[in-house]
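Coordinate inspection notes
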Amino acid sequence: MFNANSGQSVVEGMPLATLQKRKSQKWRGFPADVLPLPVAEMDFEIAKPIRDELIGMLEVSDTGYLGPIPELGTNFAAFALARWNWKVDPEQIFTATDVGVGMVEMGRTVVKPGALIMYNTPVYLNFINWIQELQCEVIDAPLTKNGLHYTLDLTAVEAGYKKGVKVHFLSNPHNPVGTVFTKSELASLAELAKKYAVTVFSDEIHAPLVYESGAFVPFLNVSDTAREVGICITAASKSWNLAGLKCATIITAHPDQRARAESMPMAVHYRASLFGAVAAARAYECVDWLDAALVTLDRNRKFVAEQLAEKLPTVGYRIPDFSYLAWLDLTSLGLGENPAEVLLEKGRVAFNSGIVFGPNSTQFVRLNFGTSQEIIALAIDRILAAVNSK
Ligand SMILES: Cc1ncc(COP(=O)(O)O)c(C=O)c1O
């Protein structure tokens, strides 16, 4: 497990009245009477060293363009080695505005419009948008569902690869279903990718938030084949709550993939933000904060289960392996075609609707528990109220 005896004091959800003053999408995206639990932002204060660094920059009006930022590469490499025993070459670390821009800009170096890109539903809702941005076609190889546990369906993956897939967008670990893939699943995937000349774009944005140490394997640390076929695209934004600051990291581990990254326009680097890059570099040193946040999130992921058992025992929920996203099966509540819409209208509580993650998830919602237990309990109460008002 993560270090529960972290030196960082407790990281906790902020009070609702304070959060309601925030200007971010989560807190501005809905009417004031709606309790918002979609959008993967955390309701925590950011780590003090990051805050101090940003305030220090503002004090000297250090608000220009992003230039060289070697500390981002070296700090990420030190973090990756300590966390996952993954040796990253800082020379093979590149910068983009966010993970979405990284996936699209790296995508442009591999595919032309019309090419086939694979993903595995249910999956993070913007994968489809990025594929459309590349003017490519999607091939879905849905995950295999065993109860509420999902795994890669390698037979479906191979069938898709055979049709001429060029790039595979992999959510590793997999949002929204909360699954960490095993090293052997990823190794088999890498072999298939090599056989069919597919490049795997491993989106590892949630990786620092995996609860069990050793459970997560970075794709580029799986095997020589994975290093040959893979590109990692990640950011500190999910784990240290820095999404608005705008900076992501692209990592390669093979000369061919490095050449692709180097062929991206220079602008991909400097369109990231100076604040984002400095904050990300500092974040990879803030392991105490991360581990303290994980202590709170670990408690919260279990608290969601307790709340459901007490108030809505028929709702399906598998405690996720990482992050602050609960994937809830609401089939038993009989809320019609789009439960999230009913909950918003009748319960004044917002979740991501399952339908945006894939065609077979209409009865699911995604709940963000990166918040206080008061807000989680209130959200479950509002689901109950909506069900009772049917
Ligand atoms: C798997 C995954 N990738 C990417 C993102 C978004 O990253 P960015 O804002 O850096 O594009 C998210 C946000 O929730 C995510 O869950």
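For the structure itself, consult the block above.
The following refers to the structure shown. Keep in mind that what you see is a predicted model, and the values were worked out from it rather than measured. (Residues numbered from 1 in each chain as written. Predicted model: local features only at pLDDT ≥ 70, side-chain atom pairs only at ≥ 80, totals over all residues. Heavy atoms only, no water.)

**Notes on helix H15 (residues 339-347)**
- Along H15, the residues classified as buried are Pro339, Ala340, Leu343 and Gly347. Buried residues along H15 cover an arc of 100° about the axis, so they all sit on one side. Among the exposed residues of H15, those oriented more than 90 degrees off its buried face are Glu341 and Glu345.
- Taken together, the buried residues of H15 touch strand S13 (349-350), strand S14 (352-353), strand S15 (364-368) and helix H16 (373-388). (Buried < 20%, exposed > 50% of the residue type's maximum accessible area, 1.4 Å probe, protein only. Helix = DSSP H or I, 4+ residues; strand = E, 2+ residues; numbered from the N terminus. Arc of directions from axis to C-beta. Contact = heavy atoms within 4.5 Å.)

**Some words on the layout of surface pockets**
- By volume, the largest pocket is sized at about 670 Å³.
- Lining the largest pocket are 32 residues, and of these Tyr124, Asn126, Ile205, Lys238 and Ala243 sit closest to its centre.
- Secondary structure elements with two or more residues in the lining of the largest pocket: helix H5 (99-110), helix H6 (126-133), helix H10 (237-240) and helix H13 (274-283).
- Across the lining of the largest pocket, the residue classes break down as 15 nonpolar, 11 polar and six charged. (1 Å grid on protein atoms, 1.4 Å probe; cavity = no way out; pocket = protein on both sides within 12 Å on 5 of 7 lines; lining within 4 Å. Points joined across faces, edges and corners; volume = space filled by probe spheres on them. Nonpolar A, V, L, I, M, F, W, Y, C, P; charged D, E, K, R; others polar.)

**Description of the site of the ligand**
- In the region of the ligand, the neighbouring residues are Ala40, Asp98, Val99, Gly100, Tyr124, Trp130, Ser171, Asn175, Asp203, Ile205, His206 and Lys238.
- Measuring from an oxygen atom of the ligand, one finds a backbone N or O atom of Gly100 at 2.9 Å.
- Between the ligand and Lys238, the relevant distance is 3.0 Å, taken from an oxygen atom to a side-chain nitrogen or oxygen of the residue.
- In a pocket analysis with a 2 Å cut-off to the grid points, the ligand is assigned to the largest pocket.
- Counted by class, the shell around the ligand contains five nonpolar, four polar and three charged residues. (Near = heavy atom within 4 Å. Polar contact = N/O pair within 3.5 Å; in protein donor to acceptor, adjacent residues only side chain to side chain. Sits in = over half its atoms within 2 Å of the grid points.)

**What to know about the pairing of strand S9 (residues 230-234)**
- Among the five residues in S9, five count as buried, and that is most of the element.
- Residues Gly230, Cys232 and Thr234 point to one face of S9 and Ile231 and Ile233 to the other, with burial holding for every one of them.
- Examined bridge by bridge, strand S8 (residues 199-203) and S9 share four bridges and lie parallel to one another. Among the inter-strand pairings, Phe201 is bridged to a residue of S9, identified as Ile231.
- Tracing the backbone out of S8, into helix H9 (residues 224-229) and back to the parallel element S9 gives a crossover that is right-handed. (Pairing = 2+ DSSP bridges. Right-handed = clockwise from strand over helix to strand, strands pointing away.)

**Some thoughts on the sheet that holds strand S10 (residues 248-251)**
- Sheet architecture is open: seven strands sit in the order S2-S10-S9-S8-S7-S3-S4, paired in mixed fashion. Either end of the sheet is taken by a strand with one partner, and the two such strands are strand S2 (93-96) and strand S4 (137-140). Direction aside, the axes of adjacent strands within the sheet are offset by 25° on average.
- Looking at chain direction, strand S3 (residues 116-119) and S4 are connected through four bridges and run parallel. Looking at the pairing, Leu116 lines up with Glu137 of S4.
- Of the strands in this sheet, S2, strand S7 (165-171), S8, S9 and S10 touch H5, which is tilted by about 175° from S8.
- Across the sheet, helix H11 (residues 255-262) is in contact with S2, S8 and S9; its angle to S2 comes to roughly 35°. (Axes fitted to C-alpha atoms, helices over the stretch in contact; angles between N-to-C directions.)

Taken by themselves, the reported measurements are silent on function.
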